[in-house]
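Tertiary structure, described
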Amino acid sequence: MESKMIVKAILTHIQILVGLVCMGITVPESELSTAPLSLSSKALPSLGNYYRIPVATPTVSATYKNGRSATECGYQCSKVTSCTGFSFQSKEEGCHFYSSALKPPSGNDVPVMNVFTNNPKAECYSYDQFELMDLGGSLYCIRVGSDRLYGLQARTKCAELGAKVIALDTKAKIDDFRNILVARNGYSSSIGYWVGLYDLDTEGTYVWDKDGRIIGADSDVWQTDQPNGLLDGEDDQDCTLLERSNWYLQDKECSGLDAYYACEKVID
């Protein structure tokens, strides 16, 4: 019985190696397990180091048809340096491995499937109602609120969630945020979104709450003639709103209107 187990383990190892190499991944032998995975699931690690995220259909770089569970797929992925994620398709199809960067769908990207990945940023999905968004070419952990709050209420709400009000600090990030909202629900509301930009400490000096960076009045994220800092002739517009009408920023009175908001959690 023991000799049969050893032979079976060796054959399993060879099948994995040949299958991956034929699909375009060069795998050093040291990166694949020779353990007889089919004999017992007790030897397999848990999926605790992986997060399941929705992605636009990625390109499959390799397959392992002997995989019989997501846990086994994760075990084999962990042995391949180029494996950035995996999915368990079925007992017939086995495991699919991916070597390219895995990003969540944005805009009109379809279809969507769930993939396991050990990308540190995927930790985002472990937080209630947070999701990864591709904004300006980088991934950010965002929670889009469904309620409407005043400017400083939104700041407090995000702080309670261990986050900051979203920092839409480039036009590219604003455009991607808009596209995601529009693709998701049409976003026909005329109400804008609070962003985490304030001049509460020094009038006219606008600071991103996320990291303390100062933004100049000449930035292309501002609407024309903004920020003006004035309301009825007084300098009391200390919060900033992403206007729905044109998708540019305006300074606003913090308690002047209730608007939507989004929170951003920093993940290293």
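Our structure is the block above this text.
Below, the structure is looked at part by part. Because the structure is predicted, anything quoted here is derived from the model rather than measured.

This next bit is on the pairing of strand β5 (residues 112-117). Within a regular strand, side chains alternate between the sheet's two faces. Direction of pairing for strand β1 (residues 51-56) relative to β5: antiparallel, over a ladder of six bridges. If you follow Ala56 over to β5, its bridge partner there is Val112. Two elements, strand β3 (residues 85-90) and β5, share two bridges in a ladder whose sense is antiparallel. Looking at the pairing, Phe86 lines up with Phe116 of β5.

This paragraph deals with the pattern of salt bridges. Taken as a whole and judged by the stated rule, the model has nine salt bridges. Residues Asp258 and Arg148 are paired through a salt bridge, measuring 3.4 Å at the closest nitrogen-oxygen approach. Placement of the pair is Asp258 in the loop between β14 (249-252) and β15 (260-265) and Arg148 in the loop between β7 (138-144) and α3 (151-160), with a sequence separation of 110 residues. We classify Arg148 as partly exposed; its relative accessible area is 36%. The partner of Asp209 in a salt bridge is Arg155, and the shortest N-O contact between them spans 3.0 Å. Of this pair, Asp209 sits in the loop between β11 (206-208) and β12 (214-215) while Arg155 sits in helix α3; the two residues are 54 residues apart in sequence, bridging distant segments of the chain.

Quick notes on the rules
Residues numbered from 1 in each chain as written. Predicted model: local features only at pLDDT ≥ 70, side-chain atom pairs only at ≥ 80, totals over all residues. Heavy atoms only, no water. Pairing = 2+ DSSP bridges. Helix = DSSP H or I, 4+ residues; strand = E, 2+ residues; numbered from the N terminus. Salt bridge = Lys/Arg side-chain N within 4 Å of Asp/Glu carboxyl O. Buried < 20%, exposed > 50% of the residue type's maximum accessible area, 1.4 Å probe, protein only.

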